[in-house]
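So you can see what is in the structure, the chains are spelled out below.
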Amino acid sequence: MATGTRKDTDEAALGYEQARDELIEVVRRLEAGGTTLEDSLALWERGEELAKVCRLRLEGARARLDAALAADADGEDGTGDGE
């Protein structure tokens with residue numbers, strides 16, 4: 001169980017760029033072939049985890065951007081063209 005907790009902590013510590021770069025490397029290794037079935041499955045699973053990290057980071061960034069745009073739009077109501 002401690003391994004799962006450590007993995008979750010490791011993934012939470014990964015930034016988008018780190019996860020993306022590692023995912024690119026995983027895909028490169030899978031495409032190159034030459035690994036055992038067991039190693040390929042482990043790489044695939046790691047790739048799935050990394051893709052999830054990337055997706056969650058992008059969703060979080062989108063939510064922050066949407067919130068900032070909404071706050072900006074609220075601040076501009078009634079002050080647009082001065083009429």
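Above this text sits the structure in question.
Summarised in this report is the structure supplied together with it. (Residues numbered from 1 in each chain as written. Predicted model: local features only at pLDDT ≥ 70, side-chain atom pairs only at ≥ 80, totals over all residues. Heavy atoms only, no water.)

Re helix α2 (residues 16-32)
Okay, step 1: With 17 residues, α2 extends 24 Å between its outermost C-alpha atoms, agreeing within 8% with the 24 Å of an ideal straight helix rising 1.5 Å per residue.
Okay, step 2: One or two steps after α2, the chain reaches Gly33, where phi turns positive at roughly 70 degrees. (Helix = DSSP H or I, 4+ residues; strand = E, 2+ residues; numbered from the N terminus. Expected span 1.5 Å × (residues − 1).)

A closer look at the nonpolar core
As a rule of thumb, nonpolar side chains are buried together in soluble globular proteins.
Okay, step 1: Membership of the largest hydrophobic core is limited to 7 residues, which are Leu14, Ala19, Val26, Leu43, Leu50, Val53 and Cys54.
Okay, step 2: Breaking this core down by element, the ones donating at least two residues are α2 and α3 (37-76).
Okay, step 3: Per element, the largest residue contribution to this core is 4 residues, and it comes from α3.
Okay, step 4: Excluding anything up to four places from it in sequence, Cys54 contacts Tyr16, Ala19 and Arg20. (Core = buried A, V, L, I, M, F, W, Y, C linked by side-chain atoms within 4.5 Å. Buried < 20%, exposed > 50% of the residue type's maximum accessible area, 1.4 Å probe, protein only. Contact = heavy atoms within 4.5 Å.)

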